[in-house]
Amino acid sequence: MERVFAYIISYGGMATVGLLAAAGCAVAIGVREKLDWPVLFPILSLSLLPLYLGAKLFGVVSYGSYLWRLGQPMTVLQLFQDSGIVFYGGMLFFLLSVDLSIRRFVLYKRASSWGLAALVVPLFHGFARIGCYFGHCCYGIEMDGAFFARFFEHRLPVQLIESGFNFLLFVALLLLFYYRKKSRGKLVRVYLWAYAAFRFVVEFFRADAVRGGFGPLSFSQWVSVCVLLGLIVRVILRHRRKAV
């Protein structure tokens, strides 16, 4: 029983819980909204492969930047064996895969289907970050005071903070999904704006150097900058098209 409980609160266990919660959410909303479910469910399921590949690719680059900062030699085999996974890569590859598949295979209610993709990501991530906390990875900076003594090595529980943010973001997106139905196709962009800005800030309070980085910013902060710049460029281009 203790082993079962230990697995449940580990990263793998909580990620599994998050995956089941996301799948349950997708099924419930898909059936209620009468989406193109026979097509949409396989799309979401098969996009888990790009999710893993993207997470691993970003993990390799992130860990490589860490070794580069230390001036340590590295090989491709070492990078693949020793590197972990990075959520950012998984999230971006998952959304890209879903977007391309929806455009190609979903025949109706595409905006609602795309909005559904925005809901499942923060729901899954909220549970996964709880697993990070119990797995003692992605930890925060050391803090003084009796309040922080209850947390891992007196560290700021950035994993739990990020988990809470993801759950709040999920609720906000869910409300927008049902009360702003005409804007469902924009929910992924809303998610990206919110998460990229939050992730850029919260990275300043992390202390796990293994996540790597370039210059004054961590690897994930550079990804956040690229995401935000991409969104800004998209807004500018849309305004220019409307002005023509």
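Everything that follows concerns the structure shown earlier in this document.
Residues numbered from 1 in each chain as written. Predicted model: local features only at pLDDT ≥ 70, side-chain atom pairs only at ≥ 80, totals over all residues. Heavy atoms only, no water.

## Section: the packing of aromatic side chains
Any two aromatic rings considered together are summarised by their centre-to-centre distance and by the angle between their planes.
For step 1, the next point in the chain: Across all of its chains, the model carries 18 aromatic pairs by this definition.
For step 2, the next point in the chain: Centroid distance Phe-127 to Phe-167: 5.1 Å. Interplanar angle 80 degrees. Geometry classified as edge-to-face. Note that Phe-127 is positioned in helix 7 (residues 110–134) and Phe-167 in helix 8 (residues 158–179), a separation of 40 residues in sequence.
For step 3, the next point in the chain: Both rings, one in Phe-147 and one in Phe-151, keep their centres 5.6 Å apart while their planes meet at 70 degrees; by these two values the pair is edge-to-face.
For step 4, the next point in the chain: Assessed through its relative accessible area of 16%, Phe-151 is described here as buried. (Phe/Tyr/Trp six-rings, centres within 6.5 Å; stacked < 30°, edge-to-face > 60°. Helix = DSSP H or I, 4+ residues; strand = E, 2+ residues; numbered from the N terminus. Buried < 20%, exposed > 50% of the residue type's maximum accessible area, 1.4 Å probe, protein only.)

## Considering helix 9 (residues 187–202)
For step 1, the next point in the chain: Compared with the 22 Å implied by 1.5 Å per residue over 16 residues, the 22 Å span of helix 9 between its first and last C-alpha is a close match.
For step 2, the next point in the chain: Among the residues of helix 9, those classed as buried are Leu-187, Val-188, Tyr-191, Leu-192, Tyr-195, Ala-196, Phe-198, Arg-199 and Val-202. (Expected span 1.5 Å × (residues − 1).)

## Some words on unusual backbone geometry
For step 1, the next point in the chain: The phi dihedral of His-136 falls on the positive side, at around 60 degrees, and the residue is not glycine.
For step 2, the next point in the chain: By the element assignment, His-136 lies in the loop between helix 7 and helix 8.
For step 3, the next point in the chain: Residue His-136 is classed as partly exposed on the basis of its relative accessible area of 42%.
For step 4, the next point in the chain: For Cys-138, which is not glycine, the phi torsion reads 55 degrees and is therefore positive.
For step 5, the next point in the chain: Here Cys-138 lies in the loop between helix 7 and helix 8.

## As for the side chain of Asp-208
For step 1, the next point in the chain: With respect to the secondary-structure elements, Asp-208 resides in the loop between helix 9 and strand 1 (213–214).
For step 2, the next point in the chain: Judged by relative accessible area, Asp-208 falls into the buried class, the value being 5%.
For step 3, the next point in the chain: A distance of 2.6 Å separates a polar atom in the side chain of Asp-208 from a polar atom in the side chain of Arg-206.
For step 4, the next point in the chain: In this structure, Asp-208 is in contact with Cys-138 and Tyr-139, ignoring residues within four places of it in sequence. (Polar contact = N/O pair within 3.5 Å; in protein donor to acceptor, adjacent residues only side chain to side chain. Contact = heavy atoms within 4.5 Å.)

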